[in-house]
Amino acid sequence: QVQLVESGGGLVQAGGSLRLSCAASGSIFSINDMGWYRQAPGKQREVVATFTGGGNANYADSVKGRFTISRDSTKNTVHLQMNDLKPEDTAVYYCNYYRRGRSYWGQGTQVTVSS
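None of the values given here were measured: they were computed from a predicted structure. (Residues numbered from 1 in each chain as written. Predicted model: local features only at pLDDT ≥ 70, side-chain atom pairs only at ≥ 80, totals over all residues. Heavy atoms only, no water.)

Novice: Residues and numbers for the state of the cysteines, please.
Specialist: Under the counting rule described, the total for this entry stands at one disulfide. At a sulfur-sulfur separation of 2.0 Å, the disulfide partner of Cys 22 is Cys 95. Disulfide Cys 22-Cys 95: torsion about the S-S bond near -80°, hence left-handed. A residue pair is termed long-range when its members are at least 10 positions apart, and Cys 22 in strand S3 (residues 18-26) and Cys 95 in strand S9 (residues 91-99) qualify at 73 residues. There is no split in this pair, since Cys 22 and Cys 95 are both buried. (Disulfide = S-S within 2.5 Å. Helix = DSSP H or I, 4+ residues; strand = E, 2+ residues; numbered from the N terminus. Buried < 20%, exposed > 50% of the residue type's maximum accessible area, 1.4 Å probe, protein only.)

So, in structure tokens, the structure goes:
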């Protein structure tokens, strides 16, 4: 069983920063299969950032240049550094593990950006 626990969400003014963390435990084959998603009210869950291997990552166009995904393999933890936050970044952010056609999700952490 895979368990993902997000933390670090909160309230922040536009232009501010937050750092999210996802602690993973259980049958994680590779931390490189983890990523961050978000879901705003009335919208579908969308991908924010994922690892591509070789220390590289893909980002949604809306966050590219502002967000950075990183990993600590020893601690089985993935981070999402969010800078220059905008009100449209407001959403519940979820940690995801996708492997062999199956997705595992954390409970989510709320990020609210005010104007």
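Structure shown, so let's carry the discussion forward.
Novice: Break down the environment of Phe 29 for me, with residues and values.
Specialist: Its place among the elements puts Phe 29 in the loop between S3 and strand S4 (34-39). Residues Phe 29 and Gly 42 lie 13 residues apart in sequence; the distance between their C-alpha atoms is 33 Å. Apart from the residues lying within four places of it in its own chain, the contact partners of Phe 29 are Tyr 97 and Arg 99. (Contact = heavy atoms within 4.5 Å.)

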